[in-house]
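Each chain is listed here by its residues.
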Amino acid sequence: GKKKGVVAKISKEAGFQKYTTNFLNLLVEKDRMNLLNEICESFEEQYCTLTDTQVATLRSAVKLEQEQQFLIAKKLQELTGSKNIKLKPIIDQSLVAGFVVEYGSSQIDLSVRGQIEKVAEELTRSMATA
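Read on for a plain summary of the structure. (Residues numbered from 1 in each chain as written. Predicted model: local features only at pLDDT ≥ 70, side-chain atom pairs only at ≥ 80, totals over all residues. Heavy atoms only, no water.)

Topic: the packing of aromatic side chains
For the coordinates displayed, the defined rule picks out 1 aromatic pair. Measuring from centroid to centroid gives 6.3 Å for F43 and Y47, while their planes differ by 20°, and the two rings are stacked. Placement of the pair is F43 and Y47 together in helix α3 (residues 36-50), with a separation of 4 residues, close to one helical turn. Taking relative accessible area as the criterion, F43 reaches 58% and is therefore assigned exposed. (Phe/Tyr/Trp six-rings, centres within 6.5 Å; stacked < 30°, edge-to-face > 60°. Helix = DSSP H or I, 4+ residues; strand = E, 2+ residues; numbered from the N terminus. Buried < 20%, exposed > 50% of the residue type's maximum accessible area, 1.4 Å probe, protein only.)

This is the structure in structure tokens:
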């Protein structure tokens, strides 16, 4: 039908492998396209586990260049000892400038907002002890 035509067109334009196209057609046939996001997330989790890839969220005030992302990923590899790092970039204008990296239960805050909050915290603490 119409949906399979759309799948065929997208598959051709994106250069998908035959397996991917067949899988998408199966989802259309079984009326399961609404689960595509969950399927992709699950696949990514499995893939990362099998390839020893650590996923890190990179929140930044502005979009970072590929080169900047590469350097951050490389530094994270050194810090975590992980074989592979996959960055998930997210734009967060509330950070003012800089970036925050979250991986596992750890966080590296190199944002201006983070610095301001740290200073405010120290001022509050020093005023409480004064």
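Remarks on the environment of G15
Of note, G15 is situated in the loop between α1 (2-14) and α2 (18-29). Looking at G15, the relative accessible area reads 57%, which means it is exposed. Expressed as a C-alpha distance, the spacing of G15 and I108, which sit 93 residues apart in the sequence, is 37 Å.

Some words on the environment of N37
Relative to the assigned elements, N37 resides in helix α3. When the C-alpha positions of N37 and G98 are compared, they lie 30 Å apart, and in sequence the two are 61 residues distant.

Some remarks on the pattern of salt bridges
Throughout the structure, instances matching the rule amount to 7 salt bridges. In this structure, K88 engages E44 in a salt bridge whose closest nitrogen and oxygen atoms are separated by 3.2 Å. Of this pair, K88 sits in strand β2 (residues 84-91) while E44 is found in helix α3, placing the two residues 44 residues apart along the sequence. D92 is the partner of R59 in a salt bridge, and the nearest nitrogen-oxygen pair spans 2.5 Å. With a gap of 33 residues between them, R59 in strand β1 (residues 53-60) and D92 in the loop between β2 and β3 (98-103) connect regions that are remote in the sequence. Each member of the pair, R59 as well as D92, carries the same accessibility label: buried. Sharing partners across several salt bridges, the network here consists of E44, K86 and K88. (Salt bridge = Lys/Arg side-chain N within 4 Å of Asp/Glu carboxyl O.)

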